[in-house]
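What the coordinates show
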Amino acid sequence: MDQERLLRELTEFLRIPSVSTLPTHNKDCRAAAEWVGAELRRLGCHDVEFLGSETHPVVSGKGPDVPGAPTLIIYGHYDVQPPDPLGEWTNPPFEPAIRDGKIYARGSADDKGQVFCLLKAIAALPRPPVNFRFLIEGEEEFGSTVLFDLLKREPQRVRADAVLVADMSYVAPEWPAVYTTLRGLCYAEITVRTSKTDLHSGEYGGAAPNAHEELCRLLSRLKSEDGKINIPGFYGPVKRPSKAELAAWKKLPFNEKDFLRKRVQAKALVGLKKYSVLERLWALPTFEIHGILGGFTGEGAKTVIPAEATVKVSMRLVPNQKLAAVERQLAAAVKRLAPKFVTATVRFLHGADPAQIEVDHPAFQLLGQAFKEVTGRATVPARAGGSIPVVPALASGGAPVILTGIGLPDDRLHAPNEKLDLKQLWDGIEVFGRFYELLGGAGRM
Ligand SMILES: [Zn+2]
């Protein structure tokens, strides 16, 4: 493997600041799509297309025809999360730097580094062993609307023998995994308005209502200190994992103290204490506050009673919860819990249903075998706390969706100093190459 050349090429891809949520980066998103398109052409793809959007297209391509071999769809995304807070990065997020065998940059693990790995694994083979189809999107961090619309219009695009999604990580160092569930997501903005305009806190303070105060009270009613979410009906469909699954989790190298000390890097863990940390992370829904807007947040002092306050929140959903139902439940709870003199409104930004995946299809065995041959350990089934909204749509053609990845749990996705261990990348290129060969050898499924 010419590691030097590969690192140069990966660096080029990571340099493109393809932040899909910020319109100022539309050109960069398109540039990242072009980068992927050029790679696909180099792999011998015919029909490389940019579909559904000028700025955030789905890059689609068909690998060379391999008669009689299975068809494998490769999914990934070239967009990335915003890099802020910039001050916390050791190197600038779009100027990749290598330290201690790791490459640090926004997108290194989520998901450009992994897309790179899947594509270079093909390039490293003497000839393609399967019929590759590519769907590399540019809106994963922004709701996947373009890809959703595309698959609705053209459902045949997910007809295949298997779909490979490498947007995940090992469950622990040296423990590759395939994922059996993904949490869904319900992202909302809640706004409370308490008066027509902002008011002077000397003239009105003590008698006028304060939007931030009412918002804080509302939030503390929605989720209590012990971590319980007080939205009527919310926990109704949530099922506890089976005894066998809980027992399997106990065998994973997961230590709550290490998790707190090394990964969370806080003084305590929170949440529903009667459940294990893994159960809280994988099998229970969440309610998180992401930011509060309104009032005065500039430098210095300004004595204002804010008339309006907005909070951005999201809930991660677990199997059997439904996005549409949770939206209704949240809207009803806000209405019920806000005092009568407050106008409270809820706006939903984006979301996804949770996904559940059976991992008994033979393709999962072959991936496990490839990992075992290259890294010494086969994949273990695990659950994921995160969301990939488009997974149910990718599964809609009936092909098994293999959720796996080469990242590590401490890659700091969506956070400052995101990284990818280079050993994971080099191993990954070998693993996926081997998987493609095994799949080709197995024939149509
Ligand atoms: Zn991702």
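Note that the structure is predicted; figures quoted are calculated from it, not measured.

Observations concerning the overall build of the protein chain
Scanning the protein chain for helices and strands turns up 12 helices and 18 strands. A compact globule built from 445 residues would reach a C-alpha radius of gyration of about 22 Å, and the protein chain, at 23 Å, matches this within 12%. Considering only C-alpha atoms, the protein chain reaches an extent of 80 × 50 × 45 Å along its principal axes. By the burial criterion, 54% of the 445 residues in the protein chain qualify as buried. The long-range fraction of contacts in the protein chain, counting pairs at least 24 apart against all pairs at least 6 apart in sequence, stands at 78%. Accessible area of the protein chain: about 20400 Å², with a carbon and sulfur share of 52%. On the protein chain, the mean spot of the 56 positive side-chain charges and the mean spot of the 53 negative ones are 6 Å from each other.

Overview of the coordination of the zinc ion
Taken together, H77 (NE2), D110 (OD), D167 (OD) and D167 (OD) make up the protein donors of the zinc ion, found 1.8 to 2.5 Å from the metal. Read from N- to C-terminus, the donor residues coordinating the zinc ion fall into the pattern H-x32-D-x56-D. In this pair, D110 is assigned in the loop between β5 (102-104) and α3 (112-123) and D167 in the loop between β7 (162-166) and β8 (177-182), connecting sequence segments 57 residues apart. The class of D110 is buried, set by a relative accessible area of 6%.

Side note on the side chain of R383
Within the secondary structure, R383 sits in strand β16 (residues 380-384). Under the relative-accessibility criterion, R383 is labelled buried at 7%. A polar contact of 2.9 Å, which involves the side chain of R383, links it to the side chain of E245. Dropping the residues within four chain positions of it, R383 is found in contact with Y179, T180, T181, P241, E245, W249, W282, A283 and P319.

Side note on the pattern of salt bridges
Should the charged atoms of two oppositely charged side chains come close, the side chains can pair. Per the stated rule, a full pass over the model turns up 26 salt bridges. For R217, the salt bridge identified is with E214, shortest N-O distance 3.2 Å. Of this pair, R217 and E214 both sit in helix α5 (residues 211-222), separated by 3 residues, roughly a single helical turn. Several salt bridges converge on common partners, so that one network encompasses D2, R5, E9, E39, R42 and K120.

Notes on the packing of aromatic side chains
The way to describe two aromatic rings as a pair is by their centre distance and the angle between their planes. In this structure the tally under the stated criterion is 10 aromatic pairs. Chaining the aromatic ring pairs together yields one cluster made of F132, F134, F435 and Y436. Above the plane of the ring of F50 lies R30, whose end atom (NZ or CZ) is 4.7 Å from the centre.

So, the pairing of strand β6 (residues 131-137)
The element β6 is largely enclosed, with a buried count of 6 among its 7 residues. Bridge count for strand β2 (residues 58-62) against β6 is 4 bridges, and the pairing is antiparallel. Across the sheet, residue V59 finds its bridge partner in β6, namely I136. Pairing between strand β3 (residues 71-77) and β6: 7 bridges, direction parallel. Looking across to β6, one finds that G76 is bridged to I136.

Comments concerning the environment of V163
Locating V163 in the fold gives a position in strand β7. Relative accessible area serves as the criterion here: at 0%, V163 is assigned to the buried category. Sequence spacing of V163 and P67 is 96 residues, and the spatial spacing of their C-alpha atoms is 19 Å. Excluding residues that lie within four positions of it along the chain, V163 makes contacts with L72, I73, L394, A399, P400, V401 and I402.

Digging into the sheet that holds β16
Backbone hydrogen bonds are what pair the strands of a sheet, in a parallel or an antiparallel way. Taken in spatial order, the 3 strands line up as β15-β8-β16 in an open sheet, and their pairing is mixed. Edge positions in the open sheet fall to β15 (355-356) and β16, since each of these has one partner strand only.

Considering the sheet that holds strand β4 (residues 97-99)
Here 3 strands make up an open sheet; going across it, the order is β4-β5-β18 and the pairing antiparallel. On the outer flanks of this sheet lie β4 and β18 (419-421), each paired with one strand and no other. The mean angle between the axes of side-by-side strands here comes to 25°, regardless of whether they run parallel or antiparallel. Note: β5 against β18, 3 bridges, orientation antiparallel. Along β18, the bridge assignment pairs I103 with L420.

A short note on helix α4 (residues 145-153)
A turn of α-helix holds 3.6 residues, and therefore any two residues three or four places apart point the same way. Those residues of α4 lying buried are V146, L147, L150 and L151. Summarising the axial view, the buried residues of α4 lie within an arc of 125°, below the 170-degree limit, and thus occupy one face. Exposed residues lying more than 90 degrees from the buried face of α4 are K152 and R153. Those residues of α4 hidden inside the fold are in contact with β1 (46-51), β2, β3, β6 and α11 (391-394).

The rules behind these values
Residues numbered from 1 in each chain as written. Predicted model: local features only at pLDDT ≥ 70, side-chain atom pairs only at ≥ 80, totals over all residues. Heavy atoms only, no water. Helix = DSSP H or I, 4+ residues; strand = E, 2+ residues; numbered from the N terminus. Rg over C-alpha atoms; globule rule 2.2 N^0.38 Å. Buried < 20%, exposed > 50% of the residue type's maximum accessible area, 1.4 Å probe, protein only. Contact = heavy atoms within 4.5 Å. Areas by Shrake-Rupley, 256 points an atom, 1.4 Å probe, with all protein chains shown as cover. Lys, Arg positive; Asp, Glu negative; His and termini not counted. Charge placed at Lys NZ, Arg CZ, Asp CG, Glu CD. Donors = N, O, S within 2.8 Å, 3.2 Å for Na, K, Ca; no water. Polar contact = N/O pair within 3.5 Å; in protein donor to acceptor, adjacent residues only side chain to side chain. Salt bridge = Lys/Arg side-chain N within 4 Å of Asp/Glu carboxyl O. Phe/Tyr/Trp six-rings, centres within 6.5 Å; stacked < 30°, edge-to-face > 60°. Lys NZ or Arg CZ within 6 Å of the ring centre and 35° of its normal. Pairing = 2+ DSSP bridges. Axes fitted to C-alpha atoms, helices over the stretch in contact; angles between N-to-C directions. Arc of directions from axis to C-beta.

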